[in-house]
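Coordinates in review
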Amino acid sequence: MHLHPFELHRPTTVEETLRLTGGLAGGFDWLAGGTDLLPNYKMHLNPKPHLVALDGVRELTERGPGRWGAMTRLGELERDPAVARDYPGLSEAVREVATPLVRESATLGGNLLVETRCFFFNQSAPWRQSLGYCLKAEGDRCHVVPQKERCYATFSGDLAPALAVLDASVEIAGPSGRRTVPVLALYDDRGDGIRRHHLGPGELLVGVSVPASARGRPATYQKLRVRPAFDFPELGLAASATFGEGRLRSLAIAAGGLETYPRRFDELTAPLVGAPLTEARARELGEAVRKAVRPVHNTFLAPDYRRKMVAVFVRRALARLSTGAVS
Ligand SMILES: Cc1cc2nc3c(=O)[nH]c(=O)nc-3n(C[C@H](O)[C@H](O)[C@H](O)COP(=O)(O)OP(=O)(O)OC[C@H]3O[C@@H](n4cnc5c(N)ncnc54)[C@H](O)[C@@H]3O)c2cc1C
Ligand code: SF4
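Quick notes on the overall build of the protein
Along the protein, the regular secondary structure elements total twelve helices and twelve strands. A compact globule built from 327 residues would reach a C-alpha radius of gyration of about 20 Å, and the protein, at 20 Å, matches this within 12%. Across its three principal directions, the C-alpha atoms of the protein cover 60 × 45 × 35 Å. Per-residue burial over the protein gives 53% buried out of 327 residues. Considering only contacts in the protein between residues 6 or more positions apart, those separated by 24 or more positions represent 64%. For the protein, the computed accessible surface area is about 14700 Å², with 54% contributed by carbon and sulfur atoms. Taking the average location of the 43 positive side-chain charges in the protein and that of its 36 negative ones, the two points are 4 Å from each other.

Regarding the site of ligand 1
If you check the shell around ligand 1, you find 33 residues, and the closest are Trp 30, Gly 34, Thr 35, Thr 107 and Asp 158. Here Ser 156 contributes a backbone N or O atom positioned 3.4 Å from an oxygen atom of ligand 1. Out of a free accessible area of 980 Å², ligand 1 has 92% covered by protein chains. No other element matches the three residues that helix α7 (residues 108-112) contributes to the shell around ligand 1. Of the residues that constitute the shell around ligand 1, the class distribution is 18 nonpolar, nine polar and six charged.

Remarks on the site of ligand 2
Inspection of the region around ligand 2 gives Cys 118, Phe 120, Phe 121, Cys 134, Leu 135, Lys 136, Cys 142, His 143, Val 144, Cys 151, Tyr 152 and Ala 153 as its neighbouring residues. Its residues placed into classes, the shell around ligand 2 shows ten nonpolar, one polar and one charged.

About the cut-offs
- Residues numbered from 1 in each chain as written.
- Chains lettered and ligands numbered in written order.
- Predicted model: local features only at pLDDT ≥ 70, side-chain atom pairs only at ≥ 80, totals over all residues.
- Heavy atoms only, no water.
- Helix = DSSP H or I, 4+ residues; strand = E, 2+ residues; numbered from the N terminus.
- Rg over C-alpha atoms; globule rule 2.2 N^0.38 Å.
- Buried < 20%, exposed > 50% of the residue type's maximum accessible area, 1.4 Å probe, protein only.
- Contact = heavy atoms within 4.5 Å.
- Areas by Shrake-Rupley, 256 points an atom, 1.4 Å probe, with all protein chains shown as cover.
- Lys, Arg positive; Asp, Glu negative; His and termini not counted.
- Charge placed at Lys NZ, Arg CZ, Asp CG, Glu CD.
- Near = heavy atom within 4 Å.
- Polar contact = N/O pair within 3.5 Å; in protein donor to acceptor, adjacent residues only side chain to side chain.
- Nonpolar A, V, L, I, M, F, W, Y, C, P; charged D, E, K, R; others polar.

Rendered as structure tokens:
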């Protein structure tokens with residue numbers, strides 16, 4: 001496996017970055033920690049002739065209370081006592097990403113925009129060529145759902161669900177200015193694993209913020225994967241809940257690792273808010289979330305098993321949150 005030749009650019013400010021990318025012919029990718037992008041380049045998965053390294057852009061490394069630049073390394077988040085104290089669910093999710101070594105390079109922005117995954121895509125070029133490639137790279141068919149003309153590659157980042165239950169938002173900069181959107185608004189919820197996010201041409205993530213109201217909110221993250229040492233999520237379930245006078249005051253559940261985009265299930269959790277949380281209600285909610293998700297068979301574990309585990313994880317999350325047994 002070898003890398004295609006590319007030209008590396010090293011801007012130092014967001015403004016310089018945006019000016020630079022306007023003139024790059026043939027396309028470019030942002031390069032953060034490179035822990036996802038470069039292995040994909042080695043497998044010749046949609047490489048571009050230009051890479052724009054973001055590690056010299058100071059603004060992307062800046063941090064404040066409840067706010068992290070997109071170039072914040074996951075290792076830094078993991079070691080930050082304020083993150084562990086104020087955002088226990090996020091802290092749990094960070095510790096579940098890849099390996100300690102990968103987390104030293106991997107960044108928050110790169111994790112939110114990690115490439116979608118599929119058993120037929122994350123393979124070497126000769127492997128893919130033997131099947132005639134696929135829609136997501138160089139081919140014209142999908143091997144998972146051949147009767148459809150879209151890609152079902154799975155969103156496999158751990159941090160998006162954990163940030164979604166904290167009502168996090170992302171700051172975006174681009175040729176037409178800056179904007180801030182809820183973290184889940186980054187993703188294409190029409191369900192296409194190729195057009196996986198809503199960033200426009202030349203737009204990049206600047207940072208991620210969590211509102212003050214989410215500080216200290218009890219939250220949890222559970223992950224299903226084949227090898228606990230470093231595998232991507234086959235299901236990642238985040239939940240946050242607050243209680244008062246024996247009743248649920250707030251409840252949010254979000255999942256990744258199942259479909260082409262991470263989702264929050266507000267339409268299913270809203271009816272429970274204001275009522276006491278019973279075991280029967282927790283079970284019903286688990287079943288409802290299980291029925292709402294549609295994983296396909298493009299990762300290692302069978303879709304039916306992953307759906308069953310959604311219901312189990314919802315019940316476990318609610319049990320942990322209602323007894324205060326969160327990390
Ligand atoms: C062995 C191994 C195991 C892994 N396990 C997991 C896992 O369990 N869970 C998990 O979530 N991930 C896992 N990963 C994937 C990856 O390491 C992480 O998702 C990581 O956080 C990606 O961050 P990065 O900075 O390396 O991104 P990069 O590889 O640099 O970039 C990833 C993508 O995001 C884009 N991008 C990066 N930063 C920005 C920005 N600021 N604005 C716009 N676009 C941007 C890049 O252009 C690229 O398309 C694993 C990787 C390896 C090698
Ligand atoms: S879901 Fe289909 S089109 Fe998408 S990566 Fe897999 S095989 Fe390719």
